[in-house]
Amino acid sequence: FRMGWVVVLSLLLSLWGSTVDAEAQYLSMDNHEKIINDHQVVFVAFCADWCPFSRRLKPIFEEAGKKFKEDHPDQSAVFGIVDSQQHPALNDKYFVNKYPTMKVFVNGELVTKEYRSTRSVEALTDFVKQQLQTAMQEFSSEDHLNSNLDRSKRNVVARFANTASVGYTNLKKMSSILKEECKFYIGNGGGSGDSIVFLDPDSKDEQKYTGDLTNYDFLKQWLTDKCIPLVREVTFENVEELTEEGLPFLIYFRDTNKKEDDKFFVDQVVRELGDQKASVNALLADGLKFAHPLRHLGKTSKDLPVLAIDSFQHMFLFPDMNQLSVPGKLRQFIMDLHSGKLHKEFHENMDQKMIDLAKFNAENPPEGHEHGGAKDGEARPPGVKPHHTSPPPSVFKELKPSNKRYSILSKTEL
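Not measured: the values here are computed from a predicted model. (Residues numbered from 1 in each chain as written. Predicted model: local features only at pLDDT ≥ 70, side-chain atom pairs only at ≥ 80, totals over all residues. Heavy atoms only, no water.)

(A) Local environment of the sheet that holds strand 10 (residues 195-199). Strand order in the open sheet formed by five strands is 7-9-8-10-11, and the pairing between neighbours is mixed. The open sheet is flanked by strand 7 (136-138) and strand 11 (206-208), the only strands paired with a single partner. Strand-to-strand twist across the sheet, computed as the mean angle between neighbouring axes with direction ignored, equals 25°. Taken together, the three bridges between strand 7 and strand 9 (residues 183-188) define a ladder with parallel strand orientation. In the strand pairing of strand 9, M136 is matched with F184. Where helix 8 (residues 216-227) meets the sheet, it contacts strand 8 (155-160), strand 9, strand 10 and strand 11, and its direction lies at approximately 20° from that of strand 10. (Pairing = 2+ DSSP bridges. Helix = DSSP H or I, 4+ residues; strand = E, 2+ residues; numbered from the N terminus. Axes fitted to C-alpha atoms, helices over the stretch in contact; angles between N-to-C directions. Contact = heavy atoms within 4.5 Å.)

Listed below in structure tokens is the structure:
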């Protein structure tokens, strides 16, 4: 009799668990592509059972998936969970370096920004509802459009005679993916035909899309290039926002008066890293304003331009700037970061690097610190020669995801 109740109880628990799992589907290498491509929005939590923050999130995430399905049964959205211990290949594919990590796919495409907000049922379901909303604002006339346009933002203005066309559908999909980066406006094309125009806030140019509107991949690449430049400027005002994207920084420190340096670096990135936008942030930095990061690398403004990676754990210097234009060198630098080779090579040559950094520190005291003290109200950078045997620490580590919300992997470089 007791065994009978045990069996019944086990069956009930099994049924309850499968009901929850049905609303928060578990993703694997075998099924994730089909699930992502079959739904408009797929919200994925990468979790690890050893991580206390993952253990807290999972029941909340599952409950959010269940509630969303109950409240919106006709919506094409899925809450997905990846057991990162069971499926490490998925972690590598999507560059997961901390747990839990929450990423969203819209219309089969990975959205660059991770979810980093409140971990509650209400907040999670609200986020998915926002992803399902259209990102295109309609305008009825040119006056209506101009009154709503913010020319300081990146704007895409489209005109379509038929909203049932393939071109319109393609644009609608892309607007959902890029709505954080660009503002999308849609009006009636009338007799002038269908068109898409990008309004550049920097040059003030109107750049018209001249490709095939039915070619989704081509339109996607064009809009992505316009809305998210492959190379951006990092400043003290936007560095925290860039850090929140969770990608390592590839920083080109240069003299801003030498505009030819900007074009040179952009050209190298376009040539070597055009497919790496989801794995690294290529950035231009004012080498005079960002003097402290240079000192961590044993460099000063006299050495500009300087190229380095800040992985949010450590900084790595591109070894020979004269080699930057050599095909394959820049790409290999990024690949060596993700493989762990940069960290390994640092330790293999650590003794000489410590000697060089100590010598640099002695010969180049920070301005105003010749006697070893910091100016009033000024933060002094960490000593160049650390007590531990690690590469130079990340300058932006204070802006990385908080260890009070994530279990951050220390065995890899971001």
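On we go from here.
(B) Inspection of the nonpolar core at higher detail. Counting 44 residues, the largest nonpolar core has F43, F61, F79, L124, F184, I196 and L223 as its most contacted members. When neighbours within four sequence positions are excluded, L223 is seen to be in contact with V156, L171, M174, L178, F184 and I228. By size, the runner-up hydrophobic cluster in this structure holds 19 residues, among which are V269, L307, F316 and F318. (Core = buried A, V, L, I, M, F, W, Y, C linked by side-chain atoms within 4.5 Å. Buried < 20%, exposed > 50% of the residue type's maximum accessible area, 1.4 Å probe, protein only.)

(C) Up close: unusual backbone geometry. With an omega of -10°, the peptide bond between Y99 and P100 qualifies as cis. With respect to the element layout, P100 can be found in the loop between strand 4 (98-99) and strand 5 (101-106). The peptide bond linking L304 to P305 adopts the cis configuration, its omega dihedral lying at 0°. With respect to the helices and strands, P305 occurs in the loop between helix 11 (291-296) and strand 15 (306-310). Positive phi, close to 55°, is recorded for N107, a residue that is not glycine.

All we've got here are geometric facts, nothing functional implied.
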